[in-house]
Amino acid sequence: MPRVTRNVASTALLTDHYELTMLQAALHSGAAHRDCVFEVFARRLPDGRRYGVVAGTGRVVEAIRDFRFGEEEIAFLREHQVVDETTLDYLASYRFTGDVWGYAEGEVYFPSSPLLVVEGTFAEACILETLVLSIMNHDSAIAGAGSRMVTAAEERPLIEMGSRRTHEEAAVAAARAAYIVGFGKTSNLEAGRRFGVPTAGTSAHSFTLLHDTESRAFQAQLESLGKGTTLLVDTYDVRAAVAEAVRLAGPELGGVRLDSGDLVAQAREVRQQLDELGATKTRITVTSDLDEYAIAALAAAPVDGYGVGTSLVTGSGAPTAGMVYKLVARKDDDGTWVSVAKASASKTSVGGRKYALRRLDERGAAQAEVIGIGEHPVGDDNDRELLVQLVRGGEIVGDLSLEAARARHEASVAELPARARRLSRGEPAIPTQFVDDVEG
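Below is a summary of the structure that appears in this document. (Residues numbered from 1 in each chain as written. Predicted model: local features only at pLDDT ≥ 70, side-chain atom pairs only at ≥ 80, totals over all residues. Heavy atoms only, no water.)

1. Description of the environment of Thr-285
Mapped onto the elements, Thr-285 comes out in strand E10 (residues 283–286). Residues Thr-285 and Gly-305, spaced 20 residues apart in sequence, show a C-alpha to C-alpha distance of 4.7 Å. (Helix = DSSP H or I, 4+ residues; strand = E, 2+ residues; numbered from the N terminus.)

2. So, the packing of aromatic side chains
On inspection of all chains with the given rule, the structure shows six aromatic pairs. Ring geometry for Phe-38 versus Phe-122: centroids 6.0 Å apart, planes at 40°, classification tilted. Of this pair, Phe-38 sits in strand E1 (residues 35–42) while Phe-122 sits in helix H5 (residues 122–126), placing them 84 residues apart in sequence. On the numbers, 6.3 Å between centres and 85° between planes, the contact of Phe-69 with Tyr-94 is edge-to-face. In this pair, Phe-69 sits in the loop between helix H2 (57–65) and helix H3 (71–79) while Tyr-94 sits in the loop between helix H4 (85–92) and strand E3 (99–103), placing the two residues 25 residues apart along the sequence. (Phe/Tyr/Trp six-rings, centres within 6.5 Å; stacked < 30°, edge-to-face > 60°.)

3. Looking at the nonpolar core
Generally speaking, a soluble globular protein has its nonpolar side chains buried in company with each other. Judged by nonpolar contacts, the single largest core of 64 residues is most densely connected at Val-233, Leu-258, Val-286, Ile-295, Tyr-306 and Val-308. For Leu-258, the contacting residues outside a window of four places in its chain are Val-233, Asp-234, Val-238, Leu-263, Gln-266, Ala-267, Val-270, Ile-284, Thr-285, Val-286 and Thr-287. Counting residues in each nonpolar core, the second largest holds 57 residues, with Ile-74, Val-82, Leu-88 and Leu-128 among its members. (Core = buried A, V, L, I, M, F, W, Y, C linked by side-chain atoms within 4.5 Å. Buried < 20%, exposed > 50% of the residue type's maximum accessible area, 1.4 Å probe, protein only. Contact = heavy atoms within 4.5 Å.)

4. With respect to the state of the cysteines
Under the criterion given, the structure shown has zero disulfides. Left unpaired, Cys-36 is separated from the closest cysteine sulfur, that of Cys-126, by 8.8 Å. (Disulfide = S-S within 2.5 Å.)

5. Some remarks on the sheet that holds strand E5 (residues 116–121)
Spatially, E13-E12-E1-E5-E3-E17-E18 is the arrangement adopted by the seven strands of the open sheet, whose pairing is antiparallel. Unpaired on one side and paired on the other, strand E13 (337–339) and strand E18 (395–396) mark the two borders of the sheet. As paired elements, E3 and strand E17 (residues 387–392) share four bridges and run antiparallel to each other. Considered in E17, the bridge of Tyr-103 is made with Leu-387. Helix H6 (residues 129–153) contacts E1, E5 and strand E12 (323–331) of the sheet and is inclined by roughly 140° relative to E12. (Pairing = 2+ DSSP bridges. Axes fitted to C-alpha atoms, helices over the stretch in contact; angles between N-to-C directions.)

6. Some words on the pattern of salt bridges
Applying the stated criterion across every chain yields a total of 26 salt bridges. Two residues, Glu-107 and Arg-384, come together in a salt bridge whose shortest N-O distance is 2.9 Å. Highlighted residues: Glu-107 in the loop between E3 and strand E4 (108–109) and Arg-384 in strand E16 (residues 384–385), separated in sequence by 277 residues. The buried category is assigned to Glu-107, whose relative accessible area is 3%. Given the relative accessible area of 25%, Arg-384 is considered partly exposed. One salt bridge connects Arg-194 with Glu-169, and the closest N-O pair in it is separated by 3.0 Å. You can see Arg-194 sitting in helix H8 (residues 189–195) and its partner Glu-169 sitting in helix H7 (residues 168–180), a full 25 residues away along the chain. Residue classification places Glu-169 among the partly exposed positions, given a relative accessible area of 40%. (Salt bridge = Lys/Arg side-chain N within 4 Å of Asp/Glu carboxyl O.)

Pasting the structure below:
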């Protein structure tokens with residue numbers, strides 16, 4: 001699917017004030033140009049979730065590419081005295097020239113998985129923290145919720161339709177993340193233009209209310225959009241609306257949508273009515289504040305597809321993935337690599353550059369997330385390396401295709417044990433093991 005390239009503004013000020021004051025102090029101390037390794041990881045999954053989903057890395061590397069301090073950005077920083085002139089001189093020529101490794105988009109992850117590894121000088125990598133986390137925490141939260149909804153839907157198609165329930169730019173990112181995990185379409189046109197996500201939509205209740213009668217509204221929609229369109233049948237009386245819809249369109253009516261009431265009971269009643277009227281191929285789509293649990297409850301109902309909004313774009317109770325961006329290794333004055341780690345209570349981290357593989361059994365089922373510190377963990381022939389290079393020397397080299405991410409997600413979920421797909425609260429589907437734990 002082609003991706004539309006667009007002209008974008010600098011992403012440099014999508015950051016926190018203290019990123020630049022740290023840079024100023026590091027330039028002052030002389031440590032700003034030490035080689036460093038930063039890593040993105042989550043200490044835990046959202047409460048009760050059994051796996052997480054990596055999303056947003058494609059947007060991250062493009063945002064890093066666009067991280068430039070132009071005349072307007074420099075003028076703002078100078079006017080507000082955010083940093084000194086020495087720092088402004090550095091920022092004026094800022095370009096990220098380091099390397100970025102990460103879990104490919106669509107991949108599942110677990111606590112402590114090294115989801116993104118940023119290698120560069122402290123000056124280059126430190127000031128990317130807020131930008132990286134704001135994208136990955138949002139997109140991965142949406143993807144994690146969306147993946148559970150796709151599982152609950154059991155191969156019935158889903159459309160993302162939550163644009164009116166979130167920030168306008170978050171809506172575009174949410175549609176992209178939802179597509180990665182298996183949603184088929186979005187209602188958001190900008191997501192279609194910008195990322196190539198398929199779009200769909202027909203009408204709202206206001207269209208029916210605009211016309212003098214429901215019949216006239218249906219007739220106008222059918223004449224304009226064809227008999228294959230989907231008619232919204234719960235503005236007034238559902239049974240009367242279905243009867244009129246089939247009278248006007250005949251058995252070729254594409255679909256009806258239910259957006260309120262007891263969806264299970266209504267779907268059964270509408271399916272029976274459609275069949276009795278000869279519209280046996282007319283599809284039933286349900287909407288109305290669905291989440292993964294509501295979708296699962298509809299599994300036995302004669303529903304052909306779902307439209308999901310609010311719960312999806314707010315992460316279905318987990319609006320952030322809880323990821324952090326931490327310095328894990330740096331060079332000292334002699335050029336020797338030193339592992340560093342935060343030791344604060346409840347916020348500890350593990351020092352050293354990480355490598356990760358997915359340990360699989362002889363049938364290809366995931367057994368553990370194995371993380372090596374400072375070196376690659378040794379795996380069997382069927383184990384999977386998880387880190388791929390996304391940026392080399394400041395240039396994007398990773399595959400950012402949404403279709404590849406979509407296929408990757410389907411495959412990575414399929415290799416998890418069956419318990420991973422349960423909606424009930426539980427522990428992570430597989431354990432995270434550091435090399436020392438494995439060898440010990």
